[in-house]
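# Overview (structure and organization)
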Amino acid sequence: MNAPLLAAMVGLAVPGTALAQDAMPRPAGITPGEATEGARLVADRQKSLCVLCHSGPFPNPHLQGNLAPDLSGIGARLSEDEIRLRVTDMKRLNPDSLMPTYAASKAGERVGTAWRGRPILVEQEIEHIVAYLASLKE
Amino acid sequence: MAFRLAFAAALLCAGIAVAQEIPPGERRSGTDFMSAETRAIQADDGSNPGMLWVLQGESLWKEPAGASRRSCASCHGEAATSMRDVAARYPAFDTASGAPVDLAGKIDQCRTTRQHAAGLPRESEELLGLSTYVGHQSRGLPIAPPDDPRLHAARAEGKRLFETRMGQLDLSCSSCHDANWRGRLGGSAVTQAHPTGYPIYRLEWQAVGSLQRRMRGCMVGVRAEPFAYGSAEFIALELYLAERAAGLALETPAVRP
């Protein structure tokens, strides 16, 4: 068993444990995100799919899901680096999370040909989403 | 200490990984998740659009076809008697092919080998009509999958597929329909995914469609390459779904959002 995975699972078992792996700095070569662009991406039901599972201060509340935490005030609860890790690869914190891995090609079996080998979002798009979510303070 | 931590972590991991199957007492048809309006459309044969496919199936049942010039009724007689509870028992083991067969596959097999007629393509209006008509003869009866040892391997494979994460979104059927059936995806109820009313009239389709069409929709939704119509994988999944829904009443033709 690899050390980060073990640490992540132990972290789950012991609420409140601070983890060095609980955050991810902005990748080299990626510029700070634009919150307005992030807001557009979060609301996109075909591309990012965020609102299929998450509710929050977004348009069309009746079309939002409740399979994942409400994102209202997420910027007050998590730092930009913590949000970035979760959007990039939530499964690093919880291998059984429903949330897809957005940046890497950590997909399931039989990926459709149109999607094969491609991330759901590229790093710069994730950075826009990070900037927007970090701005949600209440 | 490190070992004990690792052990605890492994136990925790296993506990999360195994999605709990829905206990029989908590099994609920998709009907229970629908609006009162949609339930009313399903309940009234005069408003249920699926009844048009039942009527089409009824006329096909009586229509001679193929070189044999025989109709379904020539051999099977009144469907109300001969087809009662048949849909509740499918998929079943087919001795001719030595493999499990679903209801649509069985109808098509009868068509080609008994009536000596051209095969009916999956999702064709004719096959949907006949499947809906035959399914309708079991309306109100409990799903009763046969305890045939020759089906065990395929049913186990169906369970494995149900629990396999697929597609770019890396989700299994079980991720939503076992673990999160109480939730909402977008604006829609997730539901327990029991095949109680197939073929169904789906408002989104504006037509009747099969269980396999519905499963293909979910597979495309998680950005996976869907299994082919009539494939061994889909029949395996249907076998597992029937066992998972055992005891629930059939509603064919059901109406769904």
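From a predicted model like this one, the values you see are computed outputs, not experimental measurements.

### A word on the overall build of chain A
Looking only at helices and strands, chain A has 6 helices and 0 strands in total. Traced from its N-terminal end to its C-terminal end, chain A shows the element sequence α-α-α-α-α-α. A fraction of 54% describes how many contacts in chain A between residues 6 or more apart in sequence connect residues 24 or more apart. On chain A, roughly 7100 Å² of surface is accessible, and the fraction owed to carbon and sulfur atoms is 57%.

### Re the interface of chain A and chain B
The interface is formed by 38 residues belonging to chain A together with 29 residues belonging to chain B. Here chain A and chain B share 2 salt bridges between them. In this structure, Asp170(B) and Lys91(A) form a salt bridge, with 2.9 Å as the shortest nitrogen-oxygen distance. Linking chain A with chain B are 17 residue pairs in polar contact (both at pLDDT 80 or more). Mapped onto the side of chain A that touches chain B, the elements with two or more residues apiece are α1 (3-13) and α3 (50-53) of chain A. In terms of residue count, α1(A) provides more of the side of chain A that touches chain B than any other element does, 5 residues in total.

### Let's talk about the packing of aromatic side chains
According to the stated counting rule, one finds 6 aromatic pairs over all chains in the structure shown. Positioned above the aromatic ring of Phe33(B), the side-chain terminus of Arg28(B) is 4.5 Å from the ring centre. Lying across the ring of Trp115(A), Arg223(B) places its NZ or CZ 4.0 Å from the centre.

### Quick word on the sheet that holds strand β7 (residues 255-256) of chain B
Pairing between the strands of a sheet comes from backbone hydrogen bonds, and it takes one of two forms, parallel or antiparallel. All names here are of chain B. Sheet architecture is open: 3 strands sit in the order β6-β5-β7, paired in mixed fashion. On the outer flanks of this sheet lie β6 (207-209) and β7, each paired with one strand and no other. Of the strand pairs in this sheet, strand β5 (residues 200-202) and β7 are connected by 2 bridges, and their pairing is parallel. Bridge pairing links Arg202 to Arg256 in β7.

### A word on the layout of surface pockets
Residue and element names in this part refer to chain B. What the second largest pocket holds in volume is close to 460 Å³. Looking at the second largest pocket, it is lined by 23 residues, and the ones nearest its centre are His76, Lys106, Ile107, Cys110 and Arg114. No other element matches the 7 residues that helix α7 (residues 103-113) contributes to the lining of the second largest pocket. The residue inventory of the lining of the second largest pocket, partitioned by class, reads 12 nonpolar, 6 polar and 5 charged.

### Some points on the UniProt feature "binding site: heme c 2" (unreviewed entry) in chain B
Residues and elements named next belong to chain B. As annotated by UniProt and renumbered to match this structure, "binding site: heme c 2" (unreviewed entry) occupies Cys173, Cys176, His177 and Cys218. Over a stretch of 46 residues, the named residues converge on one spot in the fold, their C-alpha atoms separated by at most 11.3 Å. Inspection of the secondary structure assignment puts Cys176 in helix α10 (residues 173-177). In this structure, Cys176 is in contact with Trp181 and Val190, ignoring residues within four places of it in sequence. Of note, His177 is situated in helix α10. Residue classification places His177 among the buried positions, given a relative accessible area of 13%. When sequence neighbours within four positions are dropped, the list of residues in contact with His177 reads Ile22, Phe162, Val190, Thr191, Gln192, Ala193, Cys218 and Arg244.

### Details of the packing of α7(B) against helix α8 (residues 125-136) of chain B
All names here are of chain B. Their axes nearest at 10 Å, the elements α7 and α8 cross at an angle of 115°. Judged by the angle between their axes, α7 and α8 are roughly perpendicular. Considering only the axes of α7 and α8, their crossing is right-handed. Contact with α7, carried on its side by Leu103, Ala104, Ile107, Asp108 and Arg111, involves Leu127, Leu130, Ser131 and Val134 of α8 and no other residues of that element. Grouping the constituent residues of the contact of α7 with α8 by class yields 6 nonpolar, 1 polar and 2 charged.

### Looking at helix α12 (residues 232-244) of chain B
Residues and elements named next belong to chain B. Taking 1.5 Å per residue as the helical rise, α12 with its 13 residues ought to reach 18 Å, and the 18 Å between its terminal C-alpha atoms agrees with that figure. Counting buried residues along α12, 10 of its 13 residues qualify, which places the element largely inside the surrounding structure. Of all the positions in α12, only Phe234, Ile235, Ala236, Leu237, Glu238, Leu239, Tyr240, Leu241, Ala242 and Arg244 are classed as buried. Check the buried side of α12 and you find it contacts β2 (99-101), α9 (152-162), α10 and α11 (211-221).

How each quantity is defined
- Residues numbered from 1 in each chain as written.
- Chains lettered and ligands numbered in written order.
- Predicted model: local features only at pLDDT ≥ 70, side-chain atom pairs only at ≥ 80, totals over all residues.
- Heavy atoms only, no water.
- Helix = DSSP H or I, 4+ residues; strand = E, 2+ residues; numbered from the N terminus.
- Contact = heavy atoms within 4.5 Å.
- Areas by Shrake-Rupley, 256 points an atom, 1.4 Å probe, with all protein chains shown as cover.
- Salt bridge = Lys/Arg side-chain N within 4 Å of Asp/Glu carboxyl O.
- Polar contact = N/O pair within 3.5 Å; in protein donor to acceptor, adjacent residues only side chain to side chain.
- Phe/Tyr/Trp six-rings, centres within 6.5 Å; stacked < 30°, edge-to-face > 60°.
- Lys NZ or Arg CZ within 6 Å of the ring centre and 35° of its normal.
- Pairing = 2+ DSSP bridges.
- 1 Å grid on protein atoms, 1.4 Å probe; cavity = no way out; pocket = protein on both sides within 12 Å on 5 of 7 lines; lining within 4 Å.
- Points joined across faces, edges and corners; volume = space filled by probe spheres on them.
- Nonpolar A, V, L, I, M, F, W, Y, C, P; charged D, E, K, R; others polar.
- UniProt positions renumbered as here; feature names shortened; annotations may be inferred.
- Buried < 20%, exposed > 50% of the residue type's maximum accessible area, 1.4 Å probe, protein only.
- Axes fitted to C-alpha atoms, helices over the stretch in contact; angles between N-to-C directions.
- Parallel < 35°, antiparallel > 145°, perpendicular 65-115°, else oblique.
- Left-handed = near helix turned anticlockwise from the far one by under 90°.
- Expected span 1.5 Å × (residues − 1).

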